[in-house]
Amino acid sequence: MSHPAYMRQRNPPAANGFYKLERTAEFVGTNLYWLPTLESNDDIWNILKNISDTGIKVIRIWAFNDVETIPESGTWFQLVQNGTTTINDGPTGLQKLDTVVQMAEEQGLYVIMSLTNNWNPVPNTTTSISSSRVLASVTPPRNTLSNDYGGMDLYVRQFALQNHDDFFTDNNILTAFQNYTKQIVLRYANSPAVFSWELANDARCNSTMPTSATCTTQTVTKWHATMADFITSLDTNHMVSAGTSGFQCTDCPKLYPLTSTASLMPSPAPGKKRNRVTPLTTEQVIKQRAESRRRNREAAIRAGTLKEDGVMIRGHWASTATREVSSSISSTMDGSYGVDSQDILNIPNIGFGSLQVFPDQESYGPDDPNLDPVQNKINLGVAWIQQSALSAAAVGKPVVLAAFGLVTQDNLNNFVPFNMTYAPYASSTAVMDVTVATTNFANSTQNQAGTSTFLSMGNSAGLAGINQYQFGSNSITPPSSGTQLDKTNSTTEMGESPNDGYSIANSPAIIQILQQGAQAMAVDS
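Reading the values: the criteria
- Residues numbered from 1 in each chain as written.
- Predicted model: local features only at pLDDT ≥ 70, side-chain atom pairs only at ≥ 80, totals over all residues.
- Heavy atoms only, no water.
- Axes fitted to C-alpha atoms, helices over the stretch in contact; angles between N-to-C directions.
- Helix = DSSP H or I, 4+ residues; strand = E, 2+ residues; numbered from the N terminus.
- Left-handed = near helix turned anticlockwise from the far one by under 90°.
- Contact = heavy atoms within 4.5 Å.
- Nonpolar A, V, L, I, M, F, W, Y, C, P; charged D, E, K, R; others polar.
- Expected span 1.5 Å × (residues − 1).
- Buried < 20%, exposed > 50% of the residue type's maximum accessible area, 1.4 Å probe, protein only.
- Polar contact = N/O pair within 3.5 Å; in protein donor to acceptor, adjacent residues only side chain to side chain.

A.B. asks: What exactly am I supposed to notice about the packing of helix 6 (residues 171-187) against helix 7 (residues 217-234) here?
C.D. replies: Each pair of packed helices can be described by the angle between their axes along with the distance between the axes. Running from N to C, helix 6 and helix 7 cross one another at 35°; their axes reach a closest spacing of 10 Å. For helix 6 against helix 7, the interelement crossing comes out right-handed. Facing Leu-174, Phe-177, Gln-178, Thr-181, Lys-182, Val-185 and Leu-186 of helix 6, the residues of helix 7 in contact are Trp-223, Thr-226, Met-227, Phe-230, Ile-231 and Leu-234. Per-class residue counts for the contact of helix 6 with helix 7 are nine nonpolar, three polar and one charged.

A.B. asks: Would you take a moment to explain unusual backbone geometry for this structure?
C.D. replies: Excluding glycine, a negative phi dihedral is what most residues carry, and trans is how most peptide bonds are arranged. Here the residue pair Tyr-469 and Gln-470 is connected by a cis peptide bond, since its omega of -5° sits within 30 degrees of zero. By the secondary structure assignment, Gln-470 is in the loop between strand 13 (465-468) and helix 13 (508-524). Here Ala-160, not a glycine, exhibits a phi torsion of approximately 60°, which is positive. The backbone of Asp-202 shows a phi angle near 60°, a positive value even though the residue is not glycine. Along the chain, Asp-202 turns up in the loop between strand 7 (194-198) and helix 7.

A.B. asks: What am I meant to see in helix 10 (residues 373-395) here?
C.D. replies: In an α-helix, one turn spans 3.6 residues; hence positions three or four apart end up facing the same way. Here helix 10 contains 23 residues, and its C-alpha end-to-end distance of 34 Å stays within 8% of the 33 Å for a straight helix at 1.5 Å per residue. In terms of residue burial, helix 10 counts as a mostly covered element, since 17 of its 23 residues are buried. N-cap assignment for helix 10: the residue whose side-chain oxygen lies 3.0 Å from the backbone N of Val-374 is Asp-372. Looking one or two places after helix 10, you find Gly-396, whose phi comes out positive at around 90°.

A.B. asks: How do you make sense of helix 7 when you look at a structure like this?
C.D. replies: With 18 residues, helix 7 should cover 26 Å at 1.5 Å per step; its first-to-last C-alpha distance of 26 Å lies within 8% of that length. Listed in full, the buried residues belonging to helix 7 are Thr-217, Thr-219, Val-220, Thr-221, Trp-223, His-224, Ala-225, Met-227, Ala-228, Phe-230 and Ile-231. Packed against the buried residues of helix 7 are helix 5 (166-169), helix 6, strand 7, strand 8 (239-241) and helix 9 (341-345).

As structure tokens, then:
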């Protein structure tokens, strides 16, 4: 099997022919957390072929599907119950994952295998909204939502513990998780289709369960180091990656402090000096925000749309919100989530780091009053990409945008935040003012602009890869179990793939943008 340009060897290839991601490597990928749950193998093949035909080379999937009781139908990989675990090796279990990996290889695709998830909320217990309003919602079929595949909180519940971060520190849970991880890693250790072992999606101290007062950035970093060492002891063919959202802590103590200022940036042109890369600091973040606001202010002045909301002094506005920039940084940068992505990236057995961009669910900084809500989300997402690239450059390792997406007005009815179990803007729940909220979400034109902007910035910032979230299809065979698929947008008896609010099944323009981005990166490489 030939290896595409984005897979570069760091050293001469080993006898087994496996390659490692290098700093100059670039790819466009997509997320399909739900792919192994499809009943029809033809559906799996057709979706992978459609992805391959666009030029996308990497897919990211959930390589886990934990349940607390064995379901009557559908796919499940592991039963976690009363402190014990049982792995399903049958046709509704890991054999389905076998099919995905094999077909991906046949289609020339590489698979990021994510091993667990930070999020697994229990219905009707994760919101402050009154229960009478929540009960208006209809729980979607199992595995529809990305947070309905088990994960950290399921382990905590079934091992009779109380805090989310017990997953990182309890020895019994660690043993159980390592047992599952070992089964998966050894199963595919010799598969050239595996891109990397992603330790967890969006690991952090907090979730919808309580968090102990002792969970810190070092708690999460230590767990990543333990798991990275464990997997490397089993499989030296493939990279181990972090799946964090990219949260930083500029002032936190480090378990793996930087010892050099190696840069991932390309060599400068002849006669030019290489910029010295230093660890990301609070001062850098504040300076970048001030510069961004200055540019936005100048653009608003030229357009005649400047919003002057300061104090009038002698006929002039002073101390406008546009000019004021907070001297503090947001929770994404101060360790509040218990994640220091730079420290995690510096773990010796971590091959590359990650970030995620979901501005409809996460605030990456203060809004600029001269921008509309959607443009603020896009701009803050761009700044987040830049900051993450600088942080990774200081370590000297690649970083990948593991997932990015904007919730569109067309998808608002399906949008379920990662820490919820129902769609707060859907008419069936009626828990949010949809009329007011609609303008805060992207229309199709804004979504296209945002997707193009994220791809462009990821490329120019030097990210090793950029994964859109999430791919979709309107041609899914209804399962024989009778579970109803969404056929709203289908002109046939076929159904739509699972959608938690980000599917591009009905967005051919986005697919075209991804195709153009993949082609551009292939030329650059």
